[in-house]
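# Architecture and fold: a report
Given next are the chains, with one letter for each unit.
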Amino acid sequence: MAIAGEADPAVAASAPGPRGEPDPLALRKVLGRFATGVTIVTCIDADGQRVGLTANSFNALSLEPPLVLWSLRQASPCLPAFAAARHFAVNVLAASQIELSHRFASPIADRFAHGDWHDGAGGVPVLAGAAAVFECERTLHQAAGDHILFIGRVLHAAGSAAAPLLFHAGHYHLLGDRL
Ligand SMILES: Cc1cc2nc3c(=O)[nH]c(=O)nc-3n(C[C@H](O)[C@H](O)[C@H](O)COP(=O)(O)O)c2cc1C
C-alpha cells in the first residue's frame with residue numbers, strides 16, 4: 001500500500017516509537033500533507049468573554065443530523081471555556097483573513113481586537129467576510145489522546161464566494177486551478 005511519505009523521504013514517518021508507531025514529529029509532518037482549510041473556532045466563556053483559536057482539525061461529520069467536528073489540544077488555555085460552552089462557531093477563513101489566522105494562533109491577549117465580529121447563536125463570535133460560518137450547539141466533547149474532540153450540531157450555516165485560505169505542509173496557500 002502506498003503511503004503519503006513514500007515518494008519523498010523528507011516527509012516519511014521513519015522514526016518508530018516504542019510500539020512501532022511513528023515518532024510524533026515525523027507523523028505531524030506526514031499529516032501536514034493533508035491539505036485543509038483554516039478556521040477560527042470561537043465560543044464565549046462563563047463571564048461572557050470571547051474565546052477563539054485557529055484550528056484546521058475541523059471536518060464534516062454528518063448531514064442528517066447536521067454534525068461537524070474539530071479538536072482542541074488538552075493543554076490549551078481555551079479548554080475550560082469550550083468545555084463549558086453550549087455553543088461554538090467555526091469561522092472558515094477567507095484568504096484575505098490570513099492575518100487573523102496568525103493572530104488567533106499566537107499568545108495575544110485580545111485576539112478579537114482585529115476583525116469584524118458579531119454575535120451568533122448563543123452569543124458566539126461570528127466573523128464577517130469569512131468563506132463560511134457554522135454556528136453550532138455542542139453535542140459532545142470527549143478526550144481523545146492529547147486532544148479533546150468536539151462535535152457540534154449545526155444550527156446555522158452560511159457560505160460566501162470569498163476565496164478560502166488553505167494550509168498544506170506548514171504553509172498557507174491560495175486555491176489553485178480547478179482540475
Ligand atoms: C493552521 C493552524 C491550524 C491549527 N489547528 C489547531 C487545531 O485544530 N487544534 C488546536 O488545538 N490547535 C490548533 N492550532 C494551534 C493553535 O491555533 C495555537 O496553539 C493557539 O495558540 C491556540 O490558542 P491557545 O494557546 O489559547 O490554546 C493550529 C494552528 C495553526 C496555525
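Residues numbered from 1 in each chain as written. Predicted model: local features only at pLDDT ≥ 70, side-chain atom pairs only at ≥ 80, totals over all residues.

### With respect to the site of the ligand
Rule in force here: We call a residue near a molecule or strand when the C-beta position, derived from backbone atoms, sits within 6 Å of it. Starting at the N terminus, helices and strands are each numbered in turn, a helix being any DSSP run of H or I of at least four residues and a strand any DSSP run of E of at least two.
Taken together, 15 residues lie around the ligand, and T54, A55, S57, S76 and A105 are the ones closest in. Within the residue set of the shell around the ligand, elements represented by two or more residues are β3 (50-55) and β5 (67-73). Here the shell around the ligand takes four residues from β5, the largest share from any one element.

### Considering the pairing of β3
Counted only if it meets this: Pairing between two strands is assigned when DSSP locates at least 2 bridges connecting them.
Pairing geometry for strand β2 (residues 39-44) and β3, over six bridges, is antiparallel. Across the sheet, I40 pairs through a bridge with T54, a residue of β3. Hairpin remark: β2 followed by β3, antiparallel, with five residues in the connecting loop; positive phi at G48, about 80 degrees.

### Topic: the pairing of strand β11 (residues 165-168)
Here two bridges tie strand β1 (residues 36-37) to β11, and the two strands are oriented antiparallel to one another. The residue bridging G37 from the neighbouring strand is L166, located in β11. Pairing of β11 with strand β12 (residues 171-174), which is carried by four bridges, proceeds in the antiparallel orientation. Residue pairing across strands places H168 opposite H171, the latter belonging to β12. Connecting β11 to the next strand, β12, in antiparallel fashion are two residues, including A169 with a positive phi near 55 degrees.

### Re the confidence of the model for the protein chain
To keep things clear, this is the line we draw: One number per residue, pLDDT, summarises how confident the predictor is, and it ranges from 0 to 100. Contacts are defined on C-beta atoms placed from the backbone: any two residues whose C-beta positions lie within 7 Å are in contact.
In the predicted model, the protein chain carries a mean pLDDT of 93, and 91% of its residues have values of at least 70. Counted against residues more than four places away or in other chains, residues 1-7, with its pLDDT under 50, gives seven contacts.

### Quick notes on the sheet that holds β3
By way of backbone hydrogen bonds, the strands of a sheet pair with one another, either parallel or antiparallel. Threshold: The axes used here are C-alpha line fits, helices contributing only the stretch in contact, and every angle between their N-to-C directions lies in the interval 0 to 180 degrees.
Within the open sheet, the seven strands sit side by side as β3-β2-β6-β9-β10-β5-β4. Their pairing is antiparallel. Edge positions in the open sheet fall to β3 and β4 (59-62), since each of these has one partner strand only. The sheet shows a mean angle of 35 degrees between the axes of neighbouring strands, taken without regard to direction. Relative to strand β10 (residues 147-159), strand β9 (residues 132-144) is paired through 12 bridges, and the arrangement is antiparallel.

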